[in-house]
There are 2 protein chains.
Amino acid sequence: MILYDRANQDCDTLETVLAEARGLSLIKPFDDAQVIAGQGSIGIEIAVQAAAAGVRDAPVLTCCGVGGMAAGIALALQSDAPDLRVRPVEPEGFEDFMRSLAAGKILRNATGAASICDAIVMPQPGDLTFPILQRLYGGGLVVSDEEVLRAMAMAFAHLRIVLEPGGAVALAAALFRPYLPQTVIAVASGGNVDPALFRRALEQHTV
Amino acid sequence: MILYDRANQDCDTLETVLAEARGLSLIKPFDDAQVIAGQGSIGIEIAVQAAAAGVRDAPVLTCCGVGGMAAGIALALQSDAPDLRVRPVEPEGFEDFMRSLAAGKILRNATGAASICDAIVMPQPGDLTFPILQRLYGGGLVVSDEEVLRAMAMAFAHLRIVLEPGGAVALAAALFRPYLPQTVIAVASGGNVDPALFRRALEQHTV
């Protein structure tokens, strides 16, 4: 295992250097066509479950870092349920996708921001994911760390599942953005959370 | 909502009195043929999943209070997968089922014992569940509160699910009884846990 300092090192550079030095194939966890296609299987599940529930038209809130999962889900829904539109959800201070889509070009996040949503705190949209979401984008949302902690506590209390902060942003948007329509679909994905942070969520936000 | 004092009041008496006073039908959560049959659907799922995994012969560890779930699962397995044998798991101090089955008659727990497994801390086996498990019993197990807390922390860290203490006893037995065979099936059922107790499990037993 090789640890790196997120604030002062760039994981993209580090992984490329390591792959070259060791003669390894690099499989990117997001900006890779096959990985995006695999994450699209979530979209297929959503289309099937929404049809079974009689839901034809709803926003699909998804966690969004580099956008692999959001792009995969968007592609699947385009084919299987075109009135379910992906709305990527990002943590405050890391709304690079929302800003990039508004600007029509890839923009980086300002340095120095911090968020507990470590799994989706990425410098900028992906080269593959950006054009996909540009075409299939349903409008982004941004949530705060406090809202994410509350969503984690609600998932604990009502869904009995463990969510990591980055996996709870879509649920946070579903819970705390009252302007959304009555029926929303939210992807809750990722439970790799430090026990200490999970305890904090339960302590501050018991519901 | 009517609260009662578990140590000094008997919920069986209380519910009968309330049902009569208000003209309500009492549906017992365990010692009722229909409820036992419904809980048996867990056994049907187990039989299907075990067959898919190529498991034909294994103990099926189940949480056990009055024994409704254990009896339902045992009945379903008798029909669908007779070499999967139910082994009820009880909390230390509340091993009334194990003692009753050994004695061949229903025995009550001694008063004064305490356990965090509140959902399955019951005075004695049920009138319906006892004869079913007497016929289909695969041998009981007993776990301590400490083992239950560790099982809750393991479920959090590795399964990403929230378990209440009474819902984690079977997992605790699977984890901490090395004499069990390599392949065991454990039912993890119930996530109705106080946030404070869950925090305690994470604090003491991070894995």
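Now for a description of the structure that goes with this document.

### What to know about the overall build of chain A
- Along chain A, the regular secondary structure elements total nine helices and four strands.
- In terms of principal-axis extent, the alpha carbons of chain A reach across some 50 × 45 × 30 Å.
- A total of 207 residues make up chain A; the buried ones form 48% of that total.
- Taking as baseline every contact in chain A between residues at least 6 positions apart, the subset at least 24 positions apart corresponds to 75%.
- Here chain A displays about 10300 Å² of accessible surface, and carbon together with sulfur accounts for 53% of that area.
- Seen as two clouds, the 15 positive and the 23 negative side-chain charges of chain A have centres 4 Å apart.

### Concerning helix H5 (residues 96–103) of chain B
All names here are of chain B.
- Every buried residue belonging to H5 is among Asp96, Phe97, Ser100 and Leu101, and all of these are buried. Buried positions in H5, seen along its axis, are confined to an arc of 125 degrees and lie on one side of it.
- On its buried face, H5 sits against strand E2 (84–91) and helix H6 (129–136).
- Two residues or fewer past H5, Gly104 is found with a positive phi of approximately 75 degrees.

### Considering the layout of surface pockets
Residues and elements named next belong to chain B.
- Its volume calculated, the largest pocket comes out at about 990 Å³.
- Residue lining of the largest pocket: 38 residues in total, with Arg6, Asp118, Val121, Met122 and Pro123 positioned closest to the centre.
- Those elements that provide at least two residues to the lining of the largest pocket are helix H1 (11–22), helix H4 (68–80) and helix H8 (165–176).
- For the lining of the largest pocket, a count of residues per class yields 19 nonpolar, 12 polar and seven charged.

### Brief notes about the side chain of B:Asp96
- As for its position among the elements, B:Asp96 is in helix H5.
- Ignoring any residue separated from it by four or fewer positions in sequence, one finds B:Asp96 in contact with B:Gly65, B:Glu90, B:Leu107, B:Asn109, B:Met122, B:Pro123, B:Gln124 and B:Pro125.

### Describing the sheet that holds strand E3 (residues 141–143) of chain B
Residues and elements named next belong to chain B.
- Spatially, the four strands line up as an open sheet ordered E3-E2-E1-E4, and their pairing is parallel. The sheet is open, and its two borders are formed by E3 and strand E4 (185–186), each paired with just one other strand.
- One ladder, built from three bridges, connects E2 with E3; its direction is parallel. Paired with Glu90 across the two strands is Val142, which belongs to E3.

### Some remarks on the pattern of salt bridges
- Scanning the entire structure with this criterion turns up four salt bridges over all chains.
- Residues A:Glu147 and A:Arg177 are paired through a salt bridge, measuring 2.8 Å at the closest nitrogen-oxygen approach. In this pair, A:Glu147 is assigned in helix H7 (residues 145–159) and A:Arg177 in the loop between helix H8 (165–176) and strand E4 (185–186), connecting sequence segments 30 residues apart.
- On the basis of relative accessible area, A:Arg177 is assigned to the buried category, the value being 14%.
- The salt bridge partner of B:Lys28 is B:Glu15, with a shortest N-O separation of 2.9 Å.

### A closer look at the relation of the copies chain B and chain A
- Relative to chain A, chain B is turned by 180 degrees and slid 0.0 Å along the rotation axis, the superposed coordinates differing by an RMSD of 0.0 Å. As the rotation angle and translation indicate, the two copies are arranged about a two-fold axis. Of the C-alpha atoms belonging to chain B, the one lying closest to the rotation axis is found on B:Ile161, 2.3 Å away.
- Interface residue correspondence from chain B to chain A reaches 100%, placing this contact among same-surface, isologous pairings.

### Points about the sheet that holds E4(A)
Residue and element names in this part refer to chain A.
- Taken together, the four strands give an open sheet; going across it, the order is E3-E2-E1-E4, and neighbouring strands pair in parallel fashion. This sheet does not close on itself; its edge strands, each paired only once, are strand E3 (141–143) and E4.
- The pairing of strand E1 (residues 58–63) with E4 spans two bridges and is classified as parallel. Paired with Val60 across the bridge in E4 is Ile185.

### Observations concerning the packing of helix H5 (residues 96–103) of chain A against helix H6 (residues 129–136) of chain A
Residues and elements named next belong to chain A.
- Where H5 meets H6, the axes come as close as 10 Å, and the angle between the chain directions of the two elements is 65 degrees. On the basis of the axis angle, H5 is roughly perpendicular to H6. You can see that H5 and H6 cross each other, and the crossing is right-handed. Residues Phe97, Ser100 and Leu101 of H5 lie in contact with H6, whose contacting residues are Thr129, Phe130, Leu133 and Gln134.
- Tallied by class, residues from the contact of H5 with H6 come to four nonpolar, three polar and no charged.

### Brief notes about the packing of helix H9 (residues 195–204) of chain A against helix H9 (residues 195–204) of chain B
- Across the interface, H9(A) lies against H9(B) with an axial gap of 10 Å and an inter-helix angle of 165 degrees. With respect to each other, H9(A) and H9(B) are oriented roughly antiparallel. Our pair here, H9(A) against H9(B), has a crossing hand that is left-handed. Residue-level contacts link A:Pro195, A:Phe198, A:Arg199, A:Leu202 and A:Glu203 of H9(A) to B:Pro195, B:Phe198, B:Arg199, B:Leu202 and B:Glu203 of H9(B).
- Taken together, the residues of the contact of H9(A) with H9(B) break down into six nonpolar, no polar and four charged.

Calculation notes
Residues numbered from 1 in each chain as written. Chains lettered and ligands numbered in written order. Predicted model: local features only at pLDDT ≥ 70, side-chain atom pairs only at ≥ 80, totals over all residues. Heavy atoms only, no water. Helix = DSSP H or I, 4+ residues; strand = E, 2+ residues; numbered from the N terminus. Buried < 20%, exposed > 50% of the residue type's maximum accessible area, 1.4 Å probe, protein only. Contact = heavy atoms within 4.5 Å. Areas by Shrake-Rupley, 256 points an atom, 1.4 Å probe, with all protein chains shown as cover. Lys, Arg positive; Asp, Glu negative; His and termini not counted. Charge placed at Lys NZ, Arg CZ, Asp CG, Glu CD. Arc of directions from axis to C-beta. 1 Å grid on protein atoms, 1.4 Å probe; cavity = no way out; pocket = protein on both sides within 12 Å on 5 of 7 lines; lining within 4 Å. Points joined across faces, edges and corners; volume = space filled by probe spheres on them. Nonpolar A, V, L, I, M, F, W, Y, C, P; charged D, E, K, R; others polar. Pairing = 2+ DSSP bridges. Salt bridge = Lys/Arg side-chain N within 4 Å of Asp/Glu carboxyl O. Least-squares fit on C-alpha atoms with pLDDT ≥ 70 in both. Axes fitted to C-alpha atoms, helices over the stretch in contact; angles between N-to-C directions. Parallel < 35°, antiparallel > 145°, perpendicular 65-115°, else oblique. Left-handed = near helix turned anticlockwise from the far one by under 90°.

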